[in-house]
Amino acid sequence: MTISALVVAAGRGTRAGGDLPKQWQRIAGRSVLEHTLAAFRAAPRVDRIALVLHPDDMDRAEAFRREGIDVAPGGADRAASVRAGLALLPATGKVLIHDAARCCVSQAVIADVIAALDTCDAAAPGLPVTDALWRSEGAQVAGTQDRDNLVAAQTPQGFDLALIRDAHRQYDGPAADDVAVARAAGHPVAITRGDADNIKITTPGDFARAARLLEGRMDIRTGNGFDVHAFGPGDHVTLCGVRIPHDRGLVGHSDADVGMHTVTDAIYGALAMGDIGQHFPPTEPQWKGAASEIFLRHAATLASDAGFALTHVDCTLICETPKIGPHAPEMRRVMAGLLGLEESRVSVKATTSERLGFTGRGEGIACMATATLVKP
Ligand SMILES: Nc1ccn([C@@H]2O[C@H](COP(=O)(O)OP(=O)(O)OP(=O)(O)O)[C@@H](O)[C@H]2O)c(=O)n1
Ligand SMILES: C[C@](O)(CO)[C@H](O)COP(=O)(O)O
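Not measured: the values here are computed from a predicted model.

Turning next to the site of ligand 2. Surveying the vicinity of ligand 2 reveals the residues Arg15, Arg78, Asp99, Arg102, Ala153, Thr155, Ala176, Asp177 and Lys200. A distance of 2.9 Å separates an oxygen atom of ligand 2 from a polar atom in the backbone of Ala176. Within the side chain of Lys200, one N or O atom sits 2.9 Å away from an oxygen atom of ligand 2. In the complex, 71% of the free accessible area of ligand 2, which totals 350 Å², lies under the protein chains. Here the residues of the shell around ligand 2 are counted per class, giving two nonpolar, one polar and six charged.

Here you go:
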């Protein structure tokens, strides 16, 4: 059974305010829409994603298409946008129709809807109403509404594709949601477990609440690295990608860039994916004299493949000579370029060991580093 996610993001978010429609506003490090798409990318049984954008936003479509997401322009109301999105999907299978504005949707909510679709043709999450309900007249309470059997509707709302396509074809006018469209065509809809955190960003205060929820789920990792290379014959050392003339060189299988090796190990450490020796064994001749940027790029690629953003690197070189200070700005620039980071997120500093120990005796250079990775 093919399961498609259809994310509708063609509204203008007039109630939410701000300079941009709510789906483009950034919270917890990325746009509301990116958070929503990430939830469906991470959902184990979702095979494909389709996206509906406002016609004025179609200049943003190409970036999503490059990620394998089909995109169509939306309509004047939510139901029209859903119909435009359904046209992108296969003839058969199941579809989960979801508001871009519900960016805190959990894997459990998505999985429950999918599980229900194994045994029925229409299912959606709902949250039983727990507050007392009033009817109002102006600013006055005019009566109390019985809340028995009242359930707040959420998305993703899941359907057999042929069923919901047909129901939308028959339906005329605006609809509260796709459950209303399916029910109008006579189809029963099962209620799955909703989640109080599956909020729809609707008013300005909802952004802060959604940000708190998303930040609370972030995976933040810190890794450390430590490395030492001995001095040997030579006329320069390479540190953090910068060649520095010196009366000795550093001994190593690769270019012996102790700074870059240490930062590389810090990234592997944050990922809990071993160390540089495991990925590039010194017993393999192909790494003889290799430029250490190969190792650093490898670690950074592993991090992004695992869904992490590298947010900060701090590297401390420990030696009596050469003097690092004059070269530190260039080292930061080089490593920031390799890692795709702003220079303000890459720190390179140095210390002597007060003439104590092997670094104090000038026998080699040591380095320690930390790297911070964040998965939103
Ligand atoms: N013509 C429309 C209207 C709404 N939506 C989408 O439907 C979801 C739920 O709608 P709502 O929260 O009402 O969003 P907006 O219409 O953008 O908000 P507002 O009513 O405040 O303008 C949102 O993800 C919205 O982008 C859509 O795709 N096409
Ligand atoms: C579909 C929906 O999210 C269910 O709660 C909701 O109806 C859509 O938002 P709107 O504000 O009613 O347009």
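The subject of this paragraph is the site of ligand 1. Near ligand 1, the surroundings consist of 18 residues, among which Ala10, Gly13, Thr14, Lys22 and Ser81 are the closest. Backbone polar atom of Ala10 to an oxygen atom of ligand 1: 2.8 Å apart, as the coordinates give it. Here an oxygen atom of ligand 1 sits 2.8 Å away from a polar atom, N or O, in the main chain of Arg15. If ligand 1 stood free it would expose 570 Å²; the protein chains cover 87% of that surface. Its residues assigned to classes, the shell around ligand 1 comprises six nonpolar, five polar and seven charged.

In this numbering, the UniProt entry assigns the feature "domain: 2-C-methyl-D-erythritol 2,4-cyclodiphosphate synthase" (unreviewed entry) to residues 220–373. A helix fraction of 31% and a strand fraction of 32% characterise residues 220–373, whose end C-alpha atoms lie 6 Å from each other.

With respect to the helices and strands, the residue Ile3 is situated in strand β1 (residues 3–9). On the basis of relative accessible area, Ile3 is assigned to the buried category, the value being 1%. The spatial distance from the C-alpha of Ile3 to the C-alpha of Arg45 is 6.8 Å, given a sequence separation of 42 residues. Excluding residues that lie within four positions of it along the chain, Ile3 makes contacts with Arg45, Val46, Asp47, Arg48, Lys94, Leu96 and Ile114.

Now for the UniProt feature "site: Positions MEP for the nucleophilic attack" (unreviewed entry) in the protein. Here the UniProt-annotated "site: Positions MEP for the nucleophilic attack" (unreviewed entry) positions come out as Arg147 and Lys200. Mapped onto the elements, Arg147 comes out in the loop between β9 (140–145) and β10 (151–153). On the basis of relative accessible area, Arg147 is assigned to the partly exposed category, the value being 36%. In contact with Arg147, not counting residues within four places along its chain, are Val129, Thr130, Asp131, Ala132 and Leu133. Residue class for Lys200 comes out partly exposed when judged on its relative accessible area of 26%. Not counting chain neighbours up to four residues away, the residues in contact with Lys200 comprise Arg15, Asp99, Ala101, Arg102 and Asp206.

It is worth spelling out the environment of Ala350 at this point. Among the secondary structure elements, Ala350 is positioned in strand β18 (residues 346–351). Look at Ala350 and you get partly exposed, because its relative accessible area is 42%. Apart from the residues lying within four places of it in its own chain, the contact partners of Ala350 are Thr316, Leu317 and Ile324.

Taken together, the five strands give an open sheet; going across it, the order is β16-β13-β19-β17-β18, and neighbouring strands pair in mixed fashion. Both outer strands of the open sheet, β16 (249–250) and β18, are each paired with one neighbouring strand and no more. Judged from the nine bridges that link them, strand β17 (residues 309–318) and strand β19 (residues 364–375) form a sheet pairing that is antiparallel. Along β19, the bridge assignment pairs Val313 with Ala371. The sheet contacts of helix α11 (residues 328–339) involve β17 and β18, and relative to β18 the element is tilted by about 145°.

Let's shift gears to the domain arrangement of the protein. Assigned domains within the protein: domain 1 (3–217) and domain 2 (219–375). Summarising the inter-unit geometry, the C-alpha centres of domain 1 and domain 2 are found 46 Å apart.

Before going further, it helps to examine the packing of aromatic side chains. Summed over the entire model, instances satisfying the criterion amount to four aromatic pairs. Aromatic side chains Trp24 and Phe64 sit 6.3 Å apart centroid to centroid with 40° between the ring planes, which places their arrangement in the tilted category. Of this pair, Trp24 sits in the loop between β1 and β2 (26–27) while Phe64 sits in helix α2 (residues 61–66), and the two are 40 residues apart along the sequence. Measuring from centroid to centroid gives 4.8 Å for Phe280 and Trp287, while their planes differ by 85°, and the two rings are edge-to-face. Pairwise contacts between aromatic rings join Phe280, Trp287 and Phe295 into one cluster. We note Arg60 situated over the ring of Trp24; from NZ or CZ to the ring centre the distance is 3.9 Å. The residue whose ring lies beneath Arg248 is Phe231, and the NZ or CZ to ring-centre distance is 4.3 Å.

What follows deals with helix α10 (residues 293–305). The terminal C-alpha atoms of α10, which comprises 13 residues, lie 18 Å apart, in line with the 18 Å expected from a rise of 1.5 Å per residue. When we look at burial in α10, the residues that qualify are Phe295, Leu296, Ala299, Ala300 and Ala303. An end-on view of α10 places all buried positions within 130° of arc, on one side of the element. Contact partners of the buried residues in α10: α8 (258–271), α9 (276–279), α11 and β19. The first or second residue beyond α10 is Gly307, which carries a positive phi of 85°.

Procedures and definitions
- Residues numbered from 1 in each chain as written.
- Chains lettered and ligands numbered in written order.
- Predicted model: local features only at pLDDT ≥ 70, side-chain atom pairs only at ≥ 80, totals over all residues.
- Heavy atoms only, no water.
- Near = heavy atom within 4 Å.
- Polar contact = N/O pair within 3.5 Å; in protein donor to acceptor, adjacent residues only side chain to side chain.
- Areas by Shrake-Rupley, 256 points an atom, 1.4 Å probe, with all protein chains shown as cover.
- Nonpolar A, V, L, I, M, F, W, Y, C, P; charged D, E, K, R; others polar.
- UniProt positions renumbered as here; feature names shortened; annotations may be inferred.
- Helix = DSSP H or I, 4+ residues; strand = E, 2+ residues; numbered from the N terminus.
- Buried < 20%, exposed > 50% of the residue type's maximum accessible area, 1.4 Å probe, protein only.
- Contact = heavy atoms within 4.5 Å.
- Pairing = 2+ DSSP bridges.
- Axes fitted to C-alpha atoms, helices over the stretch in contact; angles between N-to-C directions.
- Domains from an automatic or database assignment.
- Phe/Tyr/Trp six-rings, centres within 6.5 Å; stacked < 30°, edge-to-face > 60°.
- Lys NZ or Arg CZ within 6 Å of the ring centre and 35° of its normal.
- Expected span 1.5 Å × (residues − 1).
- Arc of directions from axis to C-beta.

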